[in-house]
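Coordinate analysis (summary)
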Amino acid sequence: MAVVVTEIRKRRYVCGLLWQSLSNPRELRGEAVELARKMNVDLMVLRKDLGIAQAGYASSREGAQPGMLSLGAVVASVMSVRGLKDNGRRQPANSWLAALRLDEERWAYFAVRDDSFLPSGDYAGSRAEVLDRLYADYGLGGWNAVIGDADLEDQGFHNFEAVTLDDFLPRSKGQRLWLSQAWELKPVERSRRRMVVAAGAVAAGAAVIGLVHWQRQQAAEQQLAAERSRIAQQRQAQAVAEANQKPEPPWLRQPVPRELVRACAGQLDLMSPGGWRLEEYTCSATQATHVWARGDSSVGYLLEQQPQASVELSGERASLVQPLPSSGGWNEELLASRQLLQPLISRFQQLGLRIALKPVAVPAAAPSTLAGLRQKAPQLPDWKAYSFTLQAGGVPLTDIASVLSQPGIRLDRLAYRQGDWFLEGVAYAK
C-alpha cells in the first residue's frame, strides 16, 4: 500500500499505513517488530486501547519519515472520544467509515470495524478512488455511521454526519502534542540498536570494574563470601514473603467487557431446540449455560437435538453447560473513583439506562506463615471495588460494552431473559 504525505498547519501527516492487529498484550512492541521484519518495512506506529492493539506500518522507501503523524490514528483517537451524533446526542461508535477531503485533488479514506482499522482501511487517493472503496465497504453492512465531506450527504448513507478534516486536527502550532507518541511513526529497529549499544557499554564497564576489584579485593571477598551469601538468601526469602502478602489485582485474571460480551453473545444460539423454550441464558468468563422450559414438547425431542442436555427429574426443565474459554485482562492504570464512576453513570443516563453501583469490601492479604521471617501486618489493597448491575433495556449489547470498556471495569455475569440482557460486574478504582 503506497503512502501519501501531506502537510497541514506545519505538521506532516501520512496516509496509507498497513494495519495489523496484535494479540500479545504483554509483548506488543516485540510482536509488532517481528511483523515489520516479515513485511520488510522500517517504520511503524502503535495503537493501544482497552481490548484492542494494532500496529500501522510504512516504509521510508515510499516517502514516509520518522516523526510524521498517522492521520488515521489521529482521526480514530478523536472519534473514540467525541463519538457520533444520534438523535441530537453524542453516542459511542466502534464501527464507522470516513471520507475526508485532503486538498483539491486528494481525499483520505478510513474504515474502522470494532475499533480496529481494516487492513486496507487507511488510504488516500482521488475522490473517485475513495468513493469506490467507500461504496464497497459500506455494502458489507454493520456500520454505526458514515462521516465525511458535506457533498456526500446526498449519497444515501444512513447516520451520515458532515465533518471536515479540520474538525479532527490539533490547533496548536509547533508544540509537541500530548498524544503524539501514539500517532508518530517511529523506526522499527531504533530501540533494538540502543539496547545493543547500552548492553555493550554495561558489559565493558562491568568487566573493567570486576577485574580491578578482583585484583585489589580478592582476599577480603573470599572471607566475606559465605556471610554475604547467607544475608542475600535471607533478604530474598523476606522479599518473596512480603510480595506474597500483597493481594493480586483481581482484574488481571478477568477478560475486558468487550471481549466477554462478544464471546457470550456468540454462544447464544440454542433458542428452542426440540420445541423447548429458552427460559434463561447465563454466561461468565468460564462457561455459558442455557436453561429451557418444556412447554408442549417432550424430553425425547430435546435430546434428539441436544443429547448433552441435563434434564431435571420433573421433566419440565433442562439445561446445557458449555465451556467458554477467554483470556485474562490488562494491568491497566486505574482511575480515581470520581473520574471513573460519575462519567459512567452519565453515559448510561444518556442512553436512557440506570446502572446500580454499590461499594464492596475488599479483604486484605493473609500474613506470611513462613518460619523464621519477621512478621508484618497484612497489606491492604490499594484499590476500591464497586459492584454494579445493569439492564440493557433494548440498547445493543455492543454499545453497552463500549461504555463499560474503561480502566478497571470487569463483567462477572451476563444473563438473557425474556428478550433482554442483564449484566453484573465490578468497577475497580484508586
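You'll find the structure just up there.
Fair warning: this is a prediction, and the values are worked out from it, not measured in the lab.

Further remarks concern the packing of aromatic side chains. Applying the stated criterion to the full structure yields eight aromatic pairs. Consider the rings of tryptophan 19 and phenylalanine 117, whose centres lie 4.7 Å apart with planes at 15 degrees: the pair is stacked. In this pair, tryptophan 19 is assigned in strand β3 (residues 18–21) and phenylalanine 117 in strand β11 (residues 116–125), connecting sequence segments 98 residues apart. According to the relative accessible area criterion, tryptophan 19 is buried, its value standing at 1%.

The next point concerns the sheet that holds strand β2 (residues 11–15). The strands making up a sheet associate through hydrogen bonds between their backbones, and the pairing can be parallel or antiparallel. Strand order in the open sheet formed by three strands is β1-β2-β6, with mixed pairing between adjacent strands. Each edge of the open sheet carries a strand with a single partner, namely β1 (4–8) and β6 (69–70). Pairing of β1 with β2 involves five bridges; the strand directions are antiparallel. Across the sheet, isoleucine 8 pairs through a bridge with arginine 11, a residue of β2.

Spatial ordering of the open sheet is given by β17-β18-β16-β15-β21-β22-β20-β19, a layout of eight strands whose pairing is antiparallel. The strands lining the two open edges of the sheet, one partner per strand, are β17 (310–311) and β19 (355–360). By the bridge criterion, six bridges tie strand β15 (residues 277–283) to strand β16 (residues 287–293) in an arrangement that is antiparallel. Residue threonine 282 lies in a different strand from β16, and its bridge partner there is threonine 289. Each of β15, β16, β18 (317–323) and β21 (409–417) touches helix α6 (residues 257–267); the most contacted strand, β21, lies at about 20 degrees to it.

Turning our attention to the environment of leucine 423. Turning to its location among the elements, leucine 423 is positioned in strand β22 (residues 420–429). Assessed through its relative accessible area of 1%, leucine 423 is described here as buried. Along the sequence, leucine 423 and threonine 282 sit 141 residues apart, while their C-alpha atoms lie 9.7 Å from each other.

Before going further, it helps to examine the pattern of salt bridges. Under the counting rule described, the total for this entry stands at 17 salt bridges. The partner of glutamate 279 in a salt bridge is arginine 317, with the nearest N and O atoms 2.8 Å apart. Of this pair, glutamate 279 sits in strand β15 while arginine 317 sits in strand β18, placing them 38 residues apart in sequence. Its salt-bridge partner being arginine 294, residue glutamate 316 comes within 3.2 Å of it at the nearest N-O pair. Here glutamate 316, found in the loop between β17 and β18, pairs with arginine 294, found in the loop between β16 and α7 (299–305); they are 22 residues apart in sequence, far enough to count as distant. Linked through salt bridges whose partners overlap, the residues forming this network are Arg101, Arg127, Asp149 and Asp151.

Procedures and definitions
- Residues numbered from 1 in each chain as written.
- Predicted model: local features only at pLDDT ≥ 70, side-chain atom pairs only at ≥ 80, totals over all residues.
- Heavy atoms only, no water.
- Phe/Tyr/Trp six-rings, centres within 6.5 Å; stacked < 30°, edge-to-face > 60°.
- Helix = DSSP H or I, 4+ residues; strand = E, 2+ residues; numbered from the N terminus.
- Buried < 20%, exposed > 50% of the residue type's maximum accessible area, 1.4 Å probe, protein only.
- Pairing = 2+ DSSP bridges.
- Contact = heavy atoms within 4.5 Å.
- Axes fitted to C-alpha atoms, helices over the stretch in contact; angles between N-to-C directions.
- Salt bridge = Lys/Arg side-chain N within 4 Å of Asp/Glu carboxyl O.

Scope: geometric values only; no functional claims are made or implied.
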